[in-house]
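Take a look at the letters that make up each chain.
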Amino acid sequence: FTKMDGNAGYGNSWVTKLSGDYDNNLETYVESPIFDLTNIVCPAILFEYKHYTESCCDFAQLQYSINGGTNWLYLTGDWRGDAYTSWNNLEYNIQSLAGNSCVQFRFRFRSDGSAVRDGGFAFDNFQLLENENNVSVVNILNPKAEFDFCERRTNEIVQVEVYNGGCNTLIN
């Protein structure tokens, strides 16, 4: 975890191994409590993560269960390799789990028997939220950033590209 430079915030993070290299042949998990999503229309999860693993064979992923942990299914992630210099934010729509009363999540980390690294996988600030209206600007199309914005003194039409991460339909 020293290589990955500490927590994302609030003083605590989950990490494969706090000090030194993680072990070979690991199959480890961090499990959430059970969440009742029967009254949530458009649930989403949000968290920050970073990783420093062997690129070919060691990985982390996020899984879910809707039966108290008897069966686990892949949700997202195949985090491997080097992405440790800054925290990455992930917001993931889990609308397919809406209406379930017994939803549980777990982060899975697996290593093979060859090489290990300092850190492994770390995550922080895990949140479950209602995501009905979630729109973000992903690109400014016009005006072009060719000039200093302070030089612009006239009214201009602004065009942006947006991403709809929520469940509601966007209307111009």
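Digging into the pairing of strand β8 (residues 120-130)
Note that strand β1 (residues 14-15) and β8 share two bridges and pair antiparallel. Looking at β8, one finds that Val15 is bridged to Ala122. Sheet topology note: the strand β3 (residues 43-52)/β8 ladder contains nine bridges and is antiparallel. Counted as the bridge partner of Tyr49 is Phe123 from β8.

Overview of the nonpolar core
One finds Phe47, Leu62, Trp79, Phe105 and Phe121 to be the most contacted residues of the largest nonpolar core, which totals 20 residues. Elements with a minimum of two residues in this core: β3, β4 (59-65), β5 (73-79), β7 (104-110) and β8.

Some remarks on the sheet that holds strand β6 (residues 82-93)
Across the sheet, which stays open at both edges, the four strands sit in the order β1-β8-β3-β6 with antiparallel pairing between neighbours. Two strands close off the open sheet at either side, each with one partner strand: β1 and β6. Both β3 and β6 contribute to a ladder of eight bridges, which runs antiparallel. Pairing of Ile45 across the sheet is with Tyr92, part of β6.

A short note on the state of the cysteines
Considering all chains together, one arrives at one disulfide under this definition. Here Cys56 pairs with Cys57 through a disulfide, and the sulfurs are 2.3 Å apart. With the S-S bond torsion at -95°, the cross-link from Cys56 to Cys57 turns out left-handed. By relative accessible area, Cys57 is classed as partly exposed at 24%.

Definitions and limits used
Residues numbered from 1 in each chain as written. Predicted model: local features only at pLDDT ≥ 70, side-chain atom pairs only at ≥ 80, totals over all residues. Heavy atoms only, no water. Pairing = 2+ DSSP bridges. Helix = DSSP H or I, 4+ residues; strand = E, 2+ residues; numbered from the N terminus. Core = buried A, V, L, I, M, F, W, Y, C linked by side-chain atoms within 4.5 Å. Buried < 20%, exposed > 50% of the residue type's maximum accessible area, 1.4 Å probe, protein only. Disulfide = S-S within 2.5 Å.

From the geometry alone we can't say anything about function, so treat these as descriptive.
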